[in-house]
Amino acid sequence: MPKYCRAPHCSNAAGQARPSSRRLSFYKFPLHDAARLQQWLAQMRQENWVPTRHQHLCSDHFEPSCFQYRWGVRYLRPDAVPTIF
């Protein structure tokens, strides 16, 4: 199943051609953390919507400070909240 960004007005999908400096990654909604999930949905202005475990947000919606790098791999910080819409 291909990954698509679920953010309003975002058409990013896995496999799209992009410059290497604009690497795109996808992150699942924090379904196990109700408080953080509500923060994500509030930022998206989607408070009455419930995401599934198969839906994602792309890295374009997170500030650079939301990421940490380990062994050359970019990870989303456990307390990260998307703010770019």
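Refer to the structure presented above.
It should be emphasised that the depicted structure is a prediction, and the values quoted were computed from it without experimental measurement.

Participant: Teacher, can you tell me more about the side chain of N12 here?
Facilitator: The residue N12 is located in the segment before β1 (26-28) in this model. Take N12: its relative accessible area is 11%, and that puts it in the buried class. Within polar-contact distance, the side chain of N12 engages the side chain of D60 at 2.9 Å. Beyond its immediate chain neighbours, meaning those up to four positions away, N12 contacts Y4, C5, R18, L24, F26, C58 and D60.

Participant: Would you mind going over the pairing of strand β3 (residues 67-70) with me for this structure?
Facilitator: Two faces make up the sheet, and in a regular strand the side chains alternate between them. Pairing analysis gives four bridges linking β3 to strand β4 (residues 73-76), with the strands arranged antiparallel. The residue of β4 that forms the bridge with F67 is L76. Joining the antiparallel neighbours β3 and β4 is a turn of two residues, in which W71 adopts a positive phi near 55°.

Participant: How should the packing of aromatic side chains be read in this particular structure?
Facilitator: Ring pairs (aromatic) are described by centroid distance and by the angle formed between their planes. The full count for this structure, using the stated rule, is six aromatic pairs. Ring centres 5.9 Å apart and planes at 75° place the aromatic pair Y27 and F62 in the edge-to-face group. Highlighted residues: Y27 in strand β1 and F62 in the loop between β2 (56-58) and β3, separated in sequence by 35 residues. With a relative accessible area of 11%, Y27 lands in the buried category. Linked through ring pairs, Y27, F29, W40, W49, F62 and F67 together constitute an aromatic cluster. The ring of W49 has R6 sitting right over it, with the charged end atom 4.1 Å from the ring centre. It is R74 that lies over the ring of F67; its NZ or CZ is 4.7 Å from the centre.

Participant: Please clarify how the nonpolar core should be interpreted in this entry.
Facilitator: Proteins that are soluble and globular tend to have nonpolar side chains buried together. Grouped together as the largest cluster of nonpolar side chains are 19 residues, with contacts concentrated most on C5, F29, W40, L57, F62 and L76. Sorting the residues of this core by element identifies β1, α1 (34-44) and β2 as the ones contributing at least two each. Ranked by the residues each element gives to this core, the list is headed by α1, at four residues. Residue contacts for L57: discarding those within four places in its chain leaves C5, R6, A7, S25, F26, Y27, F29, W40, M44, F62, P82 and F85.

Participant: Help me understand unusual backbone geometry, please; the structure alone is not making it clear to me.
Facilitator: Working note: non-glycine residues mostly have negative phi, and peptide bonds are mostly trans. At H9, a position not held by glycine, the phi torsion is positive, near 65°. Here H9 shows up in the segment before β1. The exposure class assigned to H9 is exposed, which follows from its relative accessible area of 87%.

Cut-offs applied
- Residues numbered from 1 in each chain as written.
- Predicted model: local features only at pLDDT ≥ 70, side-chain atom pairs only at ≥ 80, totals over all residues.
- Heavy atoms only, no water.
- Helix = DSSP H or I, 4+ residues; strand = E, 2+ residues; numbered from the N terminus.
- Buried < 20%, exposed > 50% of the residue type's maximum accessible area, 1.4 Å probe, protein only.
- Polar contact = N/O pair within 3.5 Å; in protein donor to acceptor, adjacent residues only side chain to side chain.
- Contact = heavy atoms within 4.5 Å.
- Pairing = 2+ DSSP bridges.
- Phe/Tyr/Trp six-rings, centres within 6.5 Å; stacked < 30°, edge-to-face > 60°.
- Lys NZ or Arg CZ within 6 Å of the ring centre and 35° of its normal.
- Core = buried A, V, L, I, M, F, W, Y, C linked by side-chain atoms within 4.5 Å.

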